[in-house]
Amino acid sequence: MKTLLLVLLTSFAAFAGEALTGEVEKQALNMSAIIMFLIFVGATLGITYWAAKRTKTAKDFYTAGGGITGFQNGMAIAGDYMSAASFLGISALVYAKGYDGLIYSIGFLVGWPIILFMVAEQLRNLGKYTFADVASYRLRQTPIRTLAAFGSILTVVLYLIAQMVGAGKLIQLLFGLDYEIAVILVGVLMILYVTFGGMLATTWVQIIKAFLLLSGATFMAIAVMAHYDFNFETLFATAVQMKETTSIMAPGGLVSDPVSAISLGIALMFGTAGLPHILMRFFTVSDAKEARKSVFYATGFIGYFYILTFIIGFGAIVMVFQNPQYLDLAKQAVDGGSPILGGDNMAAIHLSHAVGGDFFLGFISAVAFATILAVVSGLTLAGASAISHDLYASVIRKGKADGMMEMKVSKVSTVILGIVAIYLGIAFEDQNIAFMVGLAFAIAASANFPILFLSMYWSKLTTRGALLGGSLGLLTAAVLVVLGPTVWVDVLKNAEAIFPYKYPALFSVSAAFIGIWFFSITDKSDNAAKEKEAYEAQFIRSQTGIGAEGAVEH
Amino acid sequence: MKQEMVDRIKNDPDFLQLTRERSKFAWTLTIVMLVIYFGFVLVIAFDPSILGTPLSAGSVTTVGIPVGVGVILSAFILTGIYVRRANTEFDELTAKIKAKAKGE
């Protein structure tokens, strides 16, 4: 319990959204959950079969033909964001710390309006399959694509490891399956969805899961509120009574100094706008109008989901905490307190049992598993696109690859990424991986986002500036994470961190912007002059969509 | 895009109006969101007790609850405001610009 709490309280908390860590125990085989999960798998494989017949060209594979509606895409984006760890992690944080859980979920939400105002429609108007299309629009293809692809693959792999390890642990807890079996199962299903069904299958799997997760969470929140006549004051009062402290109703110590607070805010905000699997979704809609609608719906769904997890966390305090049914007696005998079976991350799962019995417990467990599958599929597709579209087609074949060959390369990449993910998932089982999602966000915020943003808005950006500044941001982020408390102390077991802050984004994002600015304005080459000249045409396309990729009819 | 078309569009008064107004609108909303969020974060960093004040004497619910939910709602409302104007006014202007670019 102590280790789990410690992990929860340190870096994990910030990215509770994404990484499930800590010790877990294998539970007894949960048959109703397994049956419901099998139904989900059957249905999604059916969708994959349907999608496979419609996935004929590279455009179908990467962007589902560009025919996804704004509402569907909003749901899929929300699905990418509402990972199992986000559902269980944030409700666990609310359960353990009350109000602090709400603070973190807000950080994850507020990047969305910025994405809408600054990049969504421009991205749609300029890009084809990956965000590197936009970043390299008027710059030299080879260096910029290579850097963007590197940034994408690194972000995806770090994120994938966190998801795979989380998946293995969660499935041990929920289904009573072995860790290795769980990781292999997730890897194999994900390879099937992505290689056969491409973006179309990945999107629909995500939409269905988002719908199931939102429905399940809504039911739980309503069931909790019904116990208290839909009166929040009564719910909070009971929770305070249970916890014997009013500290759960106010900010605690998770964000203490202003530098950390701002740095975390920057990582979450700009990191979201630099995640390749999220950016890729903007190419699946037909035009800028639908791209905007996607963000509007996504923000609504995600915000609603975070309000639900807040209620669920408090529901767990009043209905699970100190409920003898969920008490871990063995742990209590050693550590004291009121530990629950499986640790705090199980708070929402126990609550589902408390409000809906065995059947609903099975449903929520199956949804949690489905969630992992959907999220890793989206990640893998984004990683495979960076390999096939950016590295293979643009860098190696210099834009002369034919679509069929490019698609083949991305399918092979998917299989390889899947195997790598399984391997790393198993290799990292007992490692402290709490820093990984933090690092992924830091890299996305410090390398991917600044290049993308400045390529859209700053006419004087040059290849040299983007390449050197972007690399500087990436390196600064990576080095500061390693020297900071999450790796230097928690992983490498040194006594004190060389870099005192857990979140490097404030420094690494600044380094990237300053680096890009400096190396661009000092670039006097002929090439730089041409790149600056090309801005006008790019700006017109980004603003009006003239010349943008359209949707294909099916 | 041909240079000739670029020159035509960049001097089109509709295009100038579109980019000027959209950029002003987008930056205003961005700043509003940044002020709301970083304001919230800075209160937590400097004086968290403000959010821990009970809503009314004797209540358990604190000021932080409506404020937190308010930040979530503000994100949603701001995106709604942007989409509403962009999908009507800005898209009409864009359609006009496109028609002119194609027609001539």
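Residues numbered from 1 in each chain as written. Chains lettered and ligands numbered in written order. Predicted model: local features only at pLDDT ≥ 70, side-chain atom pairs only at ≥ 80, totals over all residues. Heavy atoms only, no water.

1. Notes on the interface of chain B and chain A
Note the following rule: A contact between two residues is defined here by any heavy atoms of the two lying within 4.5 Å. Note on terms: buried area is the combined drop in 1.4 Å-probe accessible area of two parts once they are placed together, counting the loss on both. The salt bridge definition used is simple: a Lys or Arg side-chain nitrogen within 4 Å of an Asp or Glu carboxyl oxygen. Whenever two N or O atoms come within 3.5 Å, that pair is a polar contact, provided that in protein one can donate a hydrogen and the other can accept it, and provided that, for residues adjacent in sequence, both atoms are side-chain atoms. Helix and strand definitions here come from DSSP, where helices need a minimum of 4 consecutive H or I residues and strands a minimum of 2 consecutive E residues; each element is numbered from the N-terminal end. Note on residue categories: nonpolar means Ala, Val, Leu, Ile, Met, Phe, Trp, Tyr, Cys or Pro, charged means Asp, Glu, Lys or Arg, and polar means any other residue, Gly included.
On the chain A side, the residues contacting the 52 residues of chain B number 49 residues. Taken over both partners, the interface formed by chain B and chain A buries close to 4500 Å², and the fraction arising from carbon and sulfur atoms is 77%. Our count for the contact surface shared by chain B and chain A stands at four salt bridges. A salt bridge links D91(B) to K289(A), with the nearest nitrogen and oxygen atoms 3.1 Å apart. Where chain B meets chain A, there are twelve residue pairs in polar contact (both at pLDDT 80 or more). Contributing elements (two or more residues each) for the side of chain B that touches chain A: α1 (3–10), α2 (13–46) and α3 (64–103) of chain B. When residues in the side of chain B that touches chain A are grouped by element, the largest group, 20 residues, is from α3(B). Of the residues that constitute the side of chain B that touches chain A, the class distribution is 34 nonpolar, 14 polar and four charged.

2. Here we look at the pattern of salt bridges
Where charged atoms from two side chains of opposite charge come close, those side chains can pair. All names here are of chain B. Taken as a whole and assessed by the stated rule, the structure comprises 14 salt bridges over all chains. Ionic pairing is found between D12 and K100, a salt bridge with its closest N-O pair at 3.0 Å. Of this pair, D12 sits in the loop between α1 and α2 while K100 sits in helix α3; the two residues are 88 residues apart in sequence, bridging distant segments of the chain. Among the ionic pairs, K100 bridges to D14, the shortest N-O distance being 2.6 Å.

3. With respect to the confidence of the model for chain B
Here is the rule: Residue-level confidence of the predictor is summarised by pLDDT, bounded by 0 at the bottom and 100 at the top.
The share of residues in chain B with pLDDT of 70 or more is 98%, and the mean pLDDT across the chain is 91. Interface scoring of the predicted complex returns ipTM 0.94; its pTM is 0.90.

4. Notes on the nonpolar core
The cut-off we apply is this: As used here, the term nonpolar core means buried Ala, Val, Leu, Ile, Met, Phe, Trp, Tyr and Cys residues forming a set that is joined through side-chain atoms within 4.5 Å. Buried means the residue's accessible area, taken with a 1.4 Å probe over protein chains only, is under 20% of the maximum for its type, while exposed means over 50%, and partly exposed covers the values in between.
If you look at the biggest cluster of nonpolar residues, it comprises 214 residues, and the most contacted ones within it are F87(A), W112(A) and F314(A). If near-sequence neighbours (up to four positions away) are discounted, F314(A) is found in contact with V94(A), G98(A), L235(A), F236(A), A239(A), I248(A) and M249(A).

5. Quick look at a nonpolar patch on the surface
Residue and element names in this part refer to chain A. Operational definition: Candidate patch residues must exceed 30% relative accessible area and have no salt bridge, after which like charges are joined if within 9 Å and Val, Leu, Ile, Met, Phe, Trp or Tyr side chains if within 5 Å. To be clear on the numbers: accessible area is Shrake-Rupley with a 1.4 Å probe, and residue cover counts the displayed protein chains and nothing else.
On the surface, L29, M31, I35 and I39 cluster together into a nonpolar patch covering about 420 Å² of accessible area. As for its position among the elements, I35 is in helix α3 (residues 31–54). Residue classification places I35 among the partly exposed positions, given a relative accessible area of 47%.

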